[in-house]
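# Structural description and commentary
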Amino acid sequence: MSVPSPALERSWTPGRPVPVGPVLAPLRRGAGDPTYAVAPDGSHWRSALSPEGPGTLRIEPRRGEGTVRGTAWGPGAAWLLEQMPALLGADDDWSGFEPGHRMIEEALRAHPHWRMGRTGLVFDALLPAILEQKVTGQEAFAGYRRLVRRYGTPAPGAGAGHDLWCPPPPEVVARIPSWEWLRLPVDPARSRSAVTAARVASRLEQAQVRGSAALDAALRSLPGLGVWTSAETRARALGDPDAVSFGDYHVAKDVGWALTGAPVDDAGLERLLEPWRGHRRRVTVLLALAGGRRPRRGPRMAPRHHLPR
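So, here's what we can say about the structure. Position labels on residues start from 1 in each chain and follow its written sequence. Residue-level local features of this predicted model are given only where pLDDT is at least 70; pairs of side-chain atoms are given and counted only at 80 or more, and the full residue set underlies all totals for whole chains, interfaces and linings. Think of the side-chain values as coming from all heavy atoms in the structure, minus any hydrogens and water.

## Notes on the pairing of strand S3 (residues 44-50)
- Using a 1.4 Å probe on the protein chains alone, a residue whose accessible area is under 20% of its type maximum counts as buried, one over 50% counts as exposed, and one in between counts as partly exposed. Secondary structure elements are taken from DSSP: a helix is a run of H or I of four residues or more, a strand is a run of E of two residues or more, and numbering for both begins at the N terminus. Counting buried positions along S3 yields six of seven residues, so the element is predominantly enclosed.
- Note: two strands are recorded as paired if DSSP finds a minimum of 2 bridges between them. Summarising the sheet, strand S2 (residues 36-38) and S3 pair through three bridges and their orientation is antiparallel. In the strand pairing of S3, Ala37 is matched with Trp45.
- Between S2 and S3, which pair antiparallel and follow one another directly, the connecting turn spans five residues, one of which, Gly42, has a positive phi of 90°.
- Summarising the sheet, S3 and strand S4 (residues 53-62) pair through seven bridges and their orientation is antiparallel. If you follow Leu49 over to S4, its bridge partner there is Pro54.

## What about the nonpolar core?
- The set of buried Ala, Val, Leu, Ile, Met, Phe, Trp, Tyr and Cys residues whose side-chain atoms join them within 4.5 Å is what this entry labels a nonpolar core. One finds Phe123, Leu126, Leu127, Leu147, Val173, Trp181 and Leu204 to be the most contacted residues of the largest nonpolar core, which totals 32 residues.
- The biggest single contributor to this core is helix H4 (residues 122-131), with seven residues.
- In this structure Val173 touches Phe123, Leu127, Pro168, Trp181, Ala194, Val195 and Ala198, once residues within four positions along its chain are discounted.
- Within the second largest apolar cluster, 22 residues are counted, among which are Val244, Leu269, Val283 and Leu287. Only heavy atoms enter the contact rule, under which two residues are in contact if any of them lie within 4.5 Å.

## Details of helix H11 (residues 227-237)
- Counting buried positions along H11 yields 10 of 11 residues, so the element is predominantly enclosed.
- Within the span of H11, buried status applies to Trp228, Thr229, Ser230, Ala231, Glu232, Thr233, Arg234, Ala235, Arg236 and Ala237.
- Considering only its buried residues, H11 is in contact with H4, helix H9 (201-208), helix H10 (212-220) and helix H14 (280-289).
- Looking one or two residues past H11, Gly239 carries a phi angle of roughly 65°, positive in sign.

## Some thoughts on the pattern of salt bridges
- Put simply, a salt bridge is a Lys or Arg side-chain nitrogen that is within 4 Å of an Asp or Glu carboxyl oxygen. Summed over the entire model, instances satisfying the criterion amount to 21 salt bridges.
- Between Asp124 and Arg46 there is a salt bridge whose closest N-O contact spans 3.0 Å. Of this pair, Asp124 sits in helix H4 while Arg46 sits in strand S3, and the two are 78 residues apart along the sequence.
- A residue is classified by how much of its surface remains accessible, and Asp124, at 16% relative accessible area, is buried.
- Where Arg220 meets Asp216, a salt bridge forms, and the shortest distance between an N and an O atom there is 3.4 Å. Linking Arg220 with Asp216, this pair stays in helix H10, spanning four residues, or about one helical turn.
- The partly exposed category is assigned to Arg220, whose relative accessible area is 45%.

## With respect to the packing of H4 against helix H8 (residues 188-199)
- Orientation is described by axes fitted as lines to C-alpha atoms, over the contacting stretch for helices, and by angles from 0 to 180 degrees between their N-to-C directions. Relative to each other, H4 and H8 sit at 165°, their axes nearing to 9 Å. On the basis of the axis angle, H4 is roughly antiparallel to H8. Of the two possible hands of crossing, H4 and H8 adopt the one that is right-handed. Here Phe123, Leu126, Leu127, Ile130 and Leu131 of H4 lie close against H8, whose contacting residues are Arg190, Ser193, Ala194, Ala197 and Ala198.
- Tallied by class, the residues present in the contact of H4 with H8 amount to eight nonpolar, one polar and one charged. Every angle not falling under 35 degrees, over 145, or within 65 to 115 is termed oblique; those three ranges are roughly parallel, roughly antiparallel and roughly perpendicular. The handedness criterion is simple: a crossing whose near helix is rotated anticlockwise from the far helix by less than a right angle is left-handed, and one whose near helix is rotated clockwise is right-handed. Each residue is assigned to one class: nonpolar for Ala, Val, Leu, Ile, Met, Phe, Trp, Tyr, Cys and Pro, charged for Asp, Glu, Lys and Arg, and polar for all the others, Gly among them.

## Observations regarding the sheet that holds S4
- Spatially, the five strands line up as an open sheet ordered S1-S5-S4-S3-S2, and their pairing is antiparallel. If you trace the sheet from one side to the other, it starts and ends with strand S1 (8-12) and S2, each paired once. With strand direction ignored, the average angle separating the axes of adjacent strands in the sheet is 20°.
- Helix-sheet contacts for helix H2 (residues 77-87) involve S1, S3, S4 and strand S5 (67-73), and the interaxial angle to S1 is about 15°.

So yeah, pure geometry; function would need other evidence.
Shown next as C-alpha cells:
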C-alpha cells in the first residue's frame, strides 16, 4: 500500500492584501467544479496536473499577518507552491495602464488590490475552454464536471476530503472515443477539438515559454480553435492582460453598455478598447467587477437536449 506524501507548506508576504476569491474566480468552472472548492474557513482549494504530477493546493489568506499560507499535497506539491504567488497575481504588470473612464476608476477604488493571476498550465486552461465553445454555461460546466469525474483522478492528500478531482492528462483525453464524449454530453465538434489539442499538448506547453503571441499562434493553428478559445486560455495560463474574448456572447454587449450606455458588437468592442491596448482584458474584467453589465431581460438560453445523457 502506498504511503501518502506529506504536506508541504509555504508562506508568502506580498506587501498588499490579496483578494483570493476575485483573483482565482476565473479558474472555477461553475459551482460544481470538481477541481475547485471554498471551505467554510474561507480557504480556497484547487487541484491541478502540474509538470511534476497531480497536486492539491490549499490557499489561506492570513490578513492579520499580511501573509498568504499555502499547503500542498501530491507529486505536484512543490511546483504548485512555487507557482502560488504568480497564481495570485504577483507577476501582473500594470505598466502603462491608465483608467481613463469613470467606471474603471470606480472599479479600481472598489478593488484596489485585484490582480490577474497565471496558472502556467496551458492544457489545464484549454480543455475547459474548448468545452465552453458555443454552448450555454450550464452545458459546458456539466460536460467538464462529468469529464473530470469519469476520466480524472481523486486529488491527492487532503483534497480528497473536499471531493476534489484532478483533470485527466492529455494522453487520457486523446484516447476517449467519440461515443463516450457524447455521453458526457459533448458534441463532436468540441470533442474533436479537445482530442486534437490533447495530442499536441506538449507542443502547446512549450509555446507558452515564447510568450502570449506564440501561444496564440499555436492555439489558433489547430482546427476548431479560434480567437475566443485562445484568449480564454491565455488569460488563465499566462495572465495575459490584453487577451480579449472576441466572440463572447456577453463581453461586447456589456463593455459597450458600461462605456457608452449601449451594447456593441465585436467591431465596436475593438474600437472601444483600443485606447487600452496592452490591457484590454484588464479593462473588461474591471468593468465586470464594477457591475458594468447591461440589464438582463428575458429567459436564459436553454441548454440543448439532443445529445444522449
